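An overview of the molecular structure
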Protein chains: 2
Amino acid sequence: CSGVKFRLAVIQLQVTGVKADNLSRARRLVKEAAGQGSRLVLLPECFNSPYGTSFFSTYAERIPGESTQVLSEAARENQVYLVGGSIPEEDDGKLYNSCTVFGPNGELILKHRKIHLFDIDIPGKIRFQESEILSPGNSLSMFDTAFCKVGVGICYDMRFAELAQLYSRKGCQLLVYPGAFNMTTGPAHWELLQRGRALDNQVYIATASPARDETASYVAWGHSAVVNPWGEVIAKAGAEEGIIYADIDLQYLAGVRQQIPITAQRRDDLYTVTSVQEGSS
Amino acid sequence: CSGVKFRLAVIQLQVTGVKADNLSRARRLVKEAAGQGSRLVLLPECFNSPYGTSFFSTYAERIPGESTQVLSEAARENQVYLVGGSIPEEDDGKLYNSCTVFGPNGELILKHRKIHLFDIDIPGKIRFQESEILSPGNSLSMFDTAFCKVGVGICYDMRFAELAQLYSRKGCQLLVYPGAFNMTTGPAHWELLQRGRALDNQVYIATASPARDETASYVAWGHSAVVNPWGEVIAKAGAEEGIIYADIDLQYLAGVRQQIPITAQRRDDLYTVTSVQEGSS
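Let us look at the structure shown here. (Residues numbered from 1 in each chain as written. Chains lettered and ligands numbered in written order. Predicted model: local features only at pLDDT ≥ 70, side-chain atom pairs only at ≥ 80, totals over all residues. Heavy atoms only, no water.)

Structural notes on the sheet that holds strand β12 (residues 204–208) of chain B
Residue and element names in this part refer to chain B. Taken in spatial order, the 6 strands make up an open sheet running β9-β10-β11-β12-β13-β14, and their pairing is mixed. At either margin of the open sheet sits one strand with a lone partner, and together these are β9 (142–144) and β14 (233–236). Strand-to-strand twist in this sheet, taken as the mean axis angle between neighbours without regard to direction, amounts to 20 degrees. Alignment of β12 against strand β13 (residues 225–227), held across 3 bridges, turns out to be antiparallel. When the sheet's bridge partners are listed, I205 is paired in β13 with V227. (Pairing = 2+ DSSP bridges. Helix = DSSP H or I, 4+ residues; strand = E, 2+ residues; numbered from the N terminus. Axes fitted to C-alpha atoms, helices over the stretch in contact; angles between N-to-C directions.)

The following block contains the structure:
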């Protein structure tokens, strides 16, 4: 491993209805984050479009397209790994909620389509059915960096422990979840899910939410965060636009795994988490 | 399902070096809990013996034996399901950390031997190696009640998400973990693990710790708790001896599963958690 420590930045972008403005601010903030020494930068879910089933088709793009072109250039200009949150993607008549990842040379190194669509119905609080408009992805998504392997999920994907378990078993030491929890599930579950995934798998977790916009039809909770493998929140945003930074320390991670060696202590003779796609974990 | 709601009691027992005293106080507190309408009562890990590798062989018993006889009588006299925390068990020259469960008629309905032995080493904080003395169990352990199916783990078993996932997939709506976290892992992880297990699997979680004894060689964290399927702590003890109560509401559980239907939304085509023993989950 070439570097045991690197700086990660999470951009909690204020997403508006003006796509060009979202893109230019995202680009400016990636530059700012890189200027602070960040080597990996994370944008929020649906960073180029308001979040909502009525917006997806209007803001959807093919990949590559206008928004991913901006991401590619921002990655290359600043020589960072850029996890481009997500955008509504159009492909062959279908729409997806898709995360693109660019390497420091600007090349597209990963595309993750949200696997678990956000369909919930909490009476009197929130009803949302992504599946009315979107199609789901069908693949786990990991990428390699110069520092460590990284697993990607989008928002509701975080509720499914198996995804994080498989990423961890396959060698990821950092999991990133662009996500837009809301004013009901945010205070109840957003931080708990991150801390649980981090502790159970002894990995770093980073999440990026849009900043809160009380005038939006879907009000994001904000509170982007980074959690360490001990389950501690080591960086946390408020509700407003901004960048948070955290040092991802792979030596610290190794220490946690040595102290509480659950990775080695798992009872593979009794249970297993398996990736069905590839036949085994 | 004959009852959608029932009262559960967790006894946070002060465990001393005098076995007879531990047993008589446990018996008295089970009676008190039943008098408050509890139908299922939970005792702590190692409730008849101080917790520590130097004590296990001295306090170990065969099952059935003195301690389980007391448990059986307490269950029958009070007509409750009694999850008897755990005791050091001797069998065929080996020692185990074993939980026995008794039905309202006093019959032994389950024995769970701790699957994951507590071997950790946090420099300057705590080193403990159960495996120096104990042998591990090799089975998942569930039992049926008149109310719901219940899954059993002991303390360190709680760190392994797969166990809770399998119990939940196999129909358990309540998971009980007698456990004795310590002054390092207690504040860091005890509540987080419970809330994570509850939320990820949309089940109730109940934990029973010994009361804190600052003079013991191993100082238990206390803070026995009950967490609901939304991930909320609904009952919580302090550090001292006492009983906490919670209503286990299976209709509420069903509502949570309907509102955020992750159980139905899991992508069985992409991943699976499998019980190796039985060939499938």
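Moving on from the coordinates now.
With respect to the interface of chain B and chain A
Contacts between the two partners involve 49 residues from chain B, matched on the other side by 49 residues from chain A. By the criterion of area lost to chain A, the three top residues of chain B are B:L192, B:L270 and B:Y271, representing 16% of everything that side buries. Counting every contact that joins chain B to chain A gives 6 salt bridges. Note that B:E162 is salt-bridged to A:R266, the shortest N-O span being 3.4 Å. Counting across the interface, chain B meets chain A through 27 residue pairs in polar contact (both at pLDDT 80 or more). Broken down by element, the residue count for the side of chain B that touches chain A peaks at 10 residues, all from helix α5 (residues 185–201) of chain B. Tallied by class, residues from the side of chain B that touches chain A come to 22 nonpolar, 15 polar and 12 charged. (Contact = heavy atoms within 4.5 Å. Buried area = accessible area lost by both parts, 1.4 Å probe. Salt bridge = Lys/Arg side-chain N within 4 Å of Asp/Glu carboxyl O. Polar contact = N/O pair within 3.5 Å; in protein donor to acceptor, adjacent residues only side chain to side chain. Nonpolar A, V, L, I, M, F, W, Y, C, P; charged D, E, K, R; others polar.)

Remarks on the relation of the copies chain B and chain A
Two chain copies, one operation linking them: a rotation about an axis together with a shift along it. Here chain B sits on chain A after a turn of 180 degrees about the axis and a move of 0.0 Å along it, with an RMSD of 0.0 Å. With respect to symmetry, the two chain copies, as superposed, fit the operation of a two-fold axis. The C-alpha atom lying nearest the rotation axis in chain B is that of B:V273; the distance is 2.2 Å. Residue by residue, 100% of the interface of chain B is reproduced at the interface of chain A, so both copies engage with the same surface. (Least-squares fit on C-alpha atoms with pLDDT ≥ 70 in both.)

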